[in-house]
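As a plain string of letters, each chain reads:
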Amino acid sequence: MQRALVNASSNDPEFMTYPRVDSPLPIFDRFPALRDCVAWKPIGHWPTPILSADAFATCLGLKSLHIKREDLSHPDCGGNKTRGLEFLLARAVERGARCIVTFSSAGSHHISKTAWHARRFGIDTTGVFVDQPVSEYVRRNIGIAIASGAHYVRANRLTVIPKTAMAFLRESWRSRRRRASEAAGDSRSASTATGHVYFVAPGGTTRRSMLGHVNAALELKAQVESGALPEPDYIYVVLGSLGTAAGLALGLKLAGMSSRVVGVTVSYRWYCTPRRIARFARRVNAWMRRMDPSVPDVSLRPGDLDVVHTALGDGYALFTQRGETLARRLFQTQGLRTDGTYTAKALDGMMQYIESRKLRESKHLFWHTYFDFPPCDMSADEVPSSVRRYFNVAGQPWAIDDGAPLSTPASPANPRN
Ligand SMILES: Cc1ncc(COP(=O)(O)O)c(C=O)c1O
């Protein structure tokens, strides 16, 4: 399946499977002037469903737990990146981009999801990456991205910025050459194709993409109003590049909801701070107000949300035993798959937060952001040398569906990381 996507383009029938709707987004209903100012393309399937996770809640001793199924944001390539990509790719198309340049860690969902969806708009992706611990989901992400035509450039912490700049310049030069050759054959395409390269920040977190998560909060509000779930007291979300949490926290305020966002750090403790999340949210709020003065100034403060740092374990993408135990329980009770880098640690952070504050009686909502791609059928010989090491070694085990009996998760008081 993966390889069939290599040559997909905006002319492919597959492209036509995207829903064709004018605007199903509550953010445009609430602030109609934004619709004229911000480019947006329909990609996802909205609203994502709400699951009443009773079996998992009972297993954890919680009174009320719901799960927002962001994994179902697209049937073939879902997860939390879909919301931001509707805005980012629309902007790339608006600017006539032929290529997106971005950077992240090697197995990031950001590069693979961007490459998969961008290909359907006829846009290439170059991902500059830094190395990370090897695991099965990392291989799947890289395989999907390569099958979608992505080009991977390996870097390290010192070279990532110069290599990204070089990739940008190289792709700009290629675009100009492509444009020139098209101009020679077809003067009409030359006048419409500007041939830009579009740069996307790490994790796809920009003020534009965060609008997707502002919208998610308004979508949630509608689901609360329709009775799909009670208004949650707490919403648990992964903190990677912070766009999901910042957009959501802002959107909840704009929606007039009192649910509190609890972010669980999975990337870097120094980066995932309430101050930074609040600053991102205020920037998006100010930008929205410039486009549409009817948007209220909600001045999100660091004290409006909480951050849990203690589920990170030994670092980014290094799995923890507590995360794995909770992931197995979720799989066994609700059939949902999580990953060891993001969502399993978020489950652990959620339970640490609940137990340390004695919140078992409260109403909890878990924001489930992981999309499980099918196994990658590529061998090490078939992938470019820049990513070969991810196909040569087995990597960290992640066996949440191995039939092991349900066990008690480690308590925060007795961590087993
Ligand atoms: C599966 C998954 N969940 C959550 C996140 C966190 O989102 P954000 O980068 O917006 O903080 C990511 C980020 O890459 C992710 O891949």
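Residues numbered from 1 in each chain as written. Predicted model: local features only at pLDDT ≥ 70, side-chain atom pairs only at ≥ 80, totals over all residues.

Considerations on the pairing of strand β5 (residues 151–155)
- The pairing of strand β4 (residues 124–130) with β5 spans 5 bridges and is classified as parallel. When the sheet's bridge partners are listed, T126 is paired in β5 with H151.
- Assessed by its sense of winding, the connection that carries the chain from β4 through helix α6 (residues 136–147) to β5 is right-handed. (Pairing = 2+ DSSP bridges. Helix = DSSP H or I, 4+ residues; strand = E, 2+ residues; numbered from the N terminus. Right-handed = clockwise from strand over helix to strand, strands pointing away.)

Topic: the packing of helix α9 (residues 207–225) against helix α10 (residues 243–254)
- At a minimum axis separation of 7 Å, α9 and α10 run at an interaxial angle of 45°. With respect to each other, α9 and α10 are oriented oblique. With respect to the hand of their crossing, α9 and α10 are arranged in right-handed fashion. For the pair α9 and α10, the contacting residues are S209, M210, L211, G212, H213, V214, N215, A216, A217 and L218 in the first and G243, T244, A246, G247, L248, L250, G251, L252 and L254 in the second.
- Classifying every residue of the contact of α9 with α10 gives 11 nonpolar, 8 polar and no charged. (Axes fitted to C-alpha atoms, helices over the stretch in contact; angles between N-to-C directions. Parallel < 35°, antiparallel > 145°, perpendicular 65-115°, else oblique. Left-handed = near helix turned anticlockwise from the far one by under 90°. Contact = placed C-beta atoms within 7 Å. Nonpolar A, V, L, I, M, F, W, Y, C, P; charged D, E, K, R; others polar.)

Points about the site of the ligand
- As a structural note, the neighbourhood of the ligand is formed by 19 residues, with H109, V238, G240, S241 and T369 the closest of them.
- For the shell around the ligand, the leading source of residues is α10, giving 3 residues.
- Residue classes in the shell around the ligand are distributed as 6 nonpolar, 13 polar and no charged.
- Two domains each put at least three residues into the shell around the ligand: domain 1 (28–81 + 205–392) and domain 2 (99–204). (Near = placed C-beta within 6 Å. Domains from an automatic or database assignment.)

Focus: helix α12 (residues 321–334)
- Compared with the 20 Å implied by 1.5 Å per residue over 14 residues, the 20 Å span of α12 between its first and last C-alpha is a close match.
- Those residues of α12 that fall on the buried side of the exposure criterion are R322, G323, E324, T325, L326, A327, R328, R329 and L330.
- Where α12 is buried, its residues touch α3 (54–60) and α13 (343–357).
- Backbone geometry just after α12 places G335 at a positive phi near 75°. (Expected span 1.5 Å × (residues − 1). Buried ≥ 20, exposed ≤ 12 C-beta atoms within 10 Å, placed from the backbone.)

Describing the nonpolar core
- Residues A246 and A249 are the most contacted members of the largest nonpolar core, which totals 108 residues.
- Counting only domains with at least three residues in this core, you end up with domain 1 (28–81 + 205–392) and domain 2 (99–204).
- In contact with A246, other than residues within four places in its own chain, are M210, I277, F280, A281 and V284. (Core = buried A, V, L, I, M, F, W, Y, C linked by C-beta atoms within 7 Å.)

Focus on the sheet that holds β5
- If you trace the 4 strands from one edge of the open sheet to the other, you get β5-β4-β3-β6, paired in parallel fashion. Strands with a single pairing partner mark the edges of an open sheet, and in this sheet they are β5 and β6 (197–200). Put simply, the sheet's adjacent strands are angled 20° from each other on average, direction ignored.
- Strand direction decides the pairing type here: strand β3 (residues 99–105) and β6, joined by 4 bridges, are parallel.

Regarding the packing of α9 against helix α11 (residues 274–291)
- Interhelical geometry of α9 versus α11 gives an angle of 95° and a closest axis separation of 10 Å. Considering their axes alone, α9 and α11 lie roughly perpendicular with respect to each other. Together, R207, M210, L211 and V214 of α9 and F280, R283, V284 and W287 of α11 make up the contact between the two elements.
- Within the contact of α9 with α11, the residues separate by chemical class into 6 nonpolar, no polar and 2 charged.

Concerning unusual backbone geometry
- Following W46, the chain continues to P47 via a peptide bond in cis, the omega torsion being -5°.
- In this fold, P47 is placed in the loop between α2 (32–37) and β1 (50–52).
- Here L242, not a glycine, exhibits a phi torsion of approximately 85°, which is positive.
- Of note, L242 is situated in the loop between β7 (234–239) and α10.
- The buried category is assigned to L242, around which 26 C-beta atoms lie within 10 Å.
- Backbone geometry at K358 places phi at a positive 55°, although glycine is not the residue there.
- Within the secondary structure layout, K358 lies in the loop between α13 and β10 (363–368).

Regarding the confidence of the model for the protein
- Summary statistics for the protein give a mean pLDDT of 89 and a share of 89% for residues scoring 70 or more.
- Considering only residues more than four positions removed or in separate chains, one finds that residues 1–21, a stretch of pLDDT under 50, has 27 contacts.
- Low pLDDT, under 50, characterises residues 187–194; the predicted model gives this stretch 9 contacts beyond four residues in sequence or across chains. (pLDDT = per-residue confidence, 0-100.)

Digging into the environment of S112
- One can find S112 in helix α5 (residues 109–119).
- Taking the number of C-beta atoms within 10 Å as the measure of exposure, S112 has 30 and is therefore buried.
- Remark: the alpha-carbon pair of S112 and N141, spanning 29 residues in sequence, is separated by 5.4 Å.
- Those residues within four positions of S112 in sequence are excluded, and the remaining contacts are N141, I144 and A145.

Here we look at the sheet that holds strand β8 (residues 260–265)
- Read across the open sheet, the 6 strands follow the order β1-β2-β10-β7-β8-β9; overall the sheet is mixed. Both edges of this open sheet fall to β1 and β9 (306–308), since each of them pairs with a single strand only. On average, adjacent strands in this sheet sit at an angle of 25° to one another, irrespective of strand direction.
- Two elements, β7 and β10, share 3 bridges in a ladder whose sense is parallel. Counted as the bridge partner of Y236 is F366 from β10.
- Packed on one face of the sheet, α13 meets β7, β8, β9 and β10 and runs near 140° to β7.

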